[in-house]
Structure formats: structure tokens, C-alpha cells
Amino acid sequence: MYDREIVDQALALSRQGFSDRKVAEMCGVSVGAVRHWKYGNRRTDQDIDRSATCPLCNDRSLDRRAYSYLLGLYLGDGHIARHRREVHRLTIACCDDWPGLMDAAAEAVAAVMPHSSVGRLQRTGCTLVNSYSKHWVCLFPQHGPGMKHTRTIRLEPWQNEIIVEYTEAFVRGLIHSDGCRSLNRVRRPGKDGARWYEYPRYFFTNESADIRRLFTDSLDRLGIAWKQSNRKTISVARREAVARLDEFVGPKY
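Residues numbered from 1 in each chain as written. Predicted model: local features only at pLDDT ≥ 70, side-chain atom pairs only at ≥ 80, totals over all residues. Heavy atoms only, no water.

S.K.: Describe in detail the overall build of the protein, supporting the description with residues and values.
M.R.: Each helix and strand counted, the protein has 10 helices and 8 strands in total. Here the C-alpha coordinates of the protein stretch approximately 75 × 40 × 35 Å along the principal axes. Out of the 253 residues belonging to the protein, those deemed buried represent 43%. Considering only contacts within the protein whose residues lie at least 6 apart along the sequence, 59% involve residues at least 24 apart. Counting 40 positive and 30 negative side-chain charges, the protein places the averaged centre of each group 5 Å from the other. (Helix = DSSP H or I, 4+ residues; strand = E, 2+ residues; numbered from the N terminus. Buried < 20%, exposed > 50% of the residue type's maximum accessible area, 1.4 Å probe, protein only. Contact = heavy atoms within 4.5 Å. Lys, Arg positive; Asp, Glu negative; His and termini not counted. Charge placed at Lys NZ, Arg CZ, Asp CG, Glu CD.)

S.K.: Go over empty space enclosed by the protein with me, naming the residues and quoting the values.
M.R.: Any empty space left between atoms is shown by rolling a water-sized probe over those atoms. Within the structure shown, the criterion is met by 1 cavity of 30 Å³ or more. Of the pockets and cavities examined, the largest cavity occupies roughly 30 Å³. Contributing to the lining of the largest cavity are I175, Y202, F203, F204, F215, I234, V236 and L245. Breaking the lining of the largest cavity down by element, the ones donating at least two residues are β6 (195–205) and β8 (233–236). Take the lining of the largest cavity: its biggest share by element is 3 residues, from β6. (1 Å grid on protein atoms, 1.4 Å probe; cavity = no way out; pocket = protein on both sides within 12 Å on 5 of 7 lines; lining within 4 Å. Points joined across faces, edges and corners; volume = space filled by probe spheres on them.)

S.K.: Give a description of the pairing of strand β5 (residues 179–188) that names residues and reports values.
M.R.: Bridging between β5 and β6 involves 10 bridges; their strand directions are antiparallel. Looking across to β6, one finds that R185 is bridged to E198. Linkage of β5 to β6, two consecutive antiparallel strands, is achieved through a turn of 6 residues, within which G193 is found at a positive phi near 110°. (Pairing = 2+ DSSP bridges.)

S.K.: Run through the side chain of S235, naming residues and quoting values.
M.R.: By secondary structure assignment, the location of S235 is in strand β8. Apart from residues no more than four positions distant in its own chain, S235 is found in contact with R201, Y202, F203, W226, K227 and S229.

S.K.: Run through the layout of surface pockets, naming residues and quoting values.
M.R.: Reported here for the second largest pocket is a volume of approximately 240 Å³. In terms of lining residues, the second largest pocket is bounded by 18 residues, among which G76, G78, G146, M147 and K148 are the most central. Listed by contribution, the elements that provide at least two residues to the lining of the second largest pocket are α4 (64–77) and β1 (78–84). Broken down by class, the residue content of the lining of the second largest pocket amounts to 5 nonpolar, 9 polar and 4 charged. (Nonpolar A, V, L, I, M, F, W, Y, C, P; charged D, E, K, R; others polar.)

S.K.: Summarise the pattern of salt bridges; cite the residues concerned and give the values.
M.R.: Scanning the entire structure with this criterion turns up 10 salt bridges. For E165, the salt bridge goes to R64, with nearest N and O atoms at 2.8 Å. Here R64 lies in helix α4 and E165 lies in helix α7 (residues 157–165), a separation of 101 residues in the sequence. Residue classification places R64 among the partly exposed residues on the basis of a relative accessible area of 26%. A single salt-bridge network, built from bridges that share partners, covers R64, E161 and E165. (Salt bridge = Lys/Arg side-chain N within 4 Å of Asp/Glu carboxyl O.)

Okay, structure coming up:
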């Protein structure tokens, strides 16, 4: 019997995307114990019945806030690929400069598909947060061949319902994937010489007109003013609009 503190630590590490074996090493427990705490039994991953893990195919609840955030990440830096047989791999590419966003991505994946483990794969300059399931294609019907900007991206009615309910989470996911918060410097002449002024603003850049429209429609729903800076970039620069985004997005971390 392990102390509750060890159990909670192991579950927290699992939600962050560490493998069962790595969690076991970090906590000084067996892999079987970690799986028992996660799944309620000591069966291996191959023995776990995953047939009832899809909220669309089965009557399972869905963490709608986490899904709205994860949908934003997926539309920006995510993709789904067939792994083997009917199993698919969801991957979210995360820049190594922002470890906090990497953890947030792993937590969202775990919350949406709690019976599937979350892994991390290091690549040059980035880490791939991934998870395997037969049902990722159910949850992200926008999956398809080719890059997203080369095909139509439309949400299903049930997805629209979720992002309307949790618009802030959706916008946060989009900005965390394909957006940024930066300081704009402006030089203005004066009697005593030129002065520099700084003010924060947000950018969202995506090649897909459909995804940009989802972003701007969401900003409209939140009453946040925006403008199109160029062909593929949306800018939020008004002081009150930036302050509103700062309430639930803020600088990357």
C-alpha cells in the first residue's frame, strides 16, 4: 500500500504526458501499480478495453472545455496519422521554448481521452505530444490527406456547440499554436527628440482562410476588436481588446 501522496504524484505525472514506465521510475513504484492507479486494474495496455472510450461512439462524457482548447491546438499545430490497423496517432507539435504550453497540451489530450496514455517525442527545436486511439478521427473529423490550408475546414454542429460554449478556451488554443503576444515599438518625433512607445498586441497567423475565419468569428463572439494585417495574419492591437485577451491567454510560458 502506497501513501496517497505518491499516488497523486504519479497521476499528476501521467497527466503531464510521461510514460507509465517513466512515472514508475520517478516515483519508485512498479509499472503495474501506476497502471492500476490510472485504470483501476493491473492489466497491460493491450488488455485494456478501449472500445467504450469514445464520447461520440459510446455514452462517455467529454471534457468540453479541454476539447475546445485541444481543437484550437489541433487546427494550428496538430495532425492525425494512421499508426497500425485502425489505431491513429494524434500529434501536437510544441516549441521547446514554451514548456508550460507543452504541459498544457499534454493535460488537454489526457483530459479528452483519459484511457489513452500521452507521450512526448523530442525533435530538433520541438517536442511532439502524442497519443494513440482508434477514436481520434471521430473527435477530429477535420482529419484528412494534405495540409489543412489546401482543403476545406468546417466544424461539425457538435463542435460548433462546444466552441460557442467555451470560446475562450478555443481562442487560447489557437493562439497557443499559431499566435503570439508581442511588444510593438513605435518611434514618434517630438520637440525634445524622437521618443519610443511600446504597446502589446496579439497576432494569429494561419494559411487556412477557414481557420482564420473560425478565429475571427470567435473574437467577434467575445467582443474583441481585430483587423487583418496581411493575407494570412490577424492582429489584435486596441488596448481594451489586448486586455481582454490577457484575461485568458497572456504571454506564452
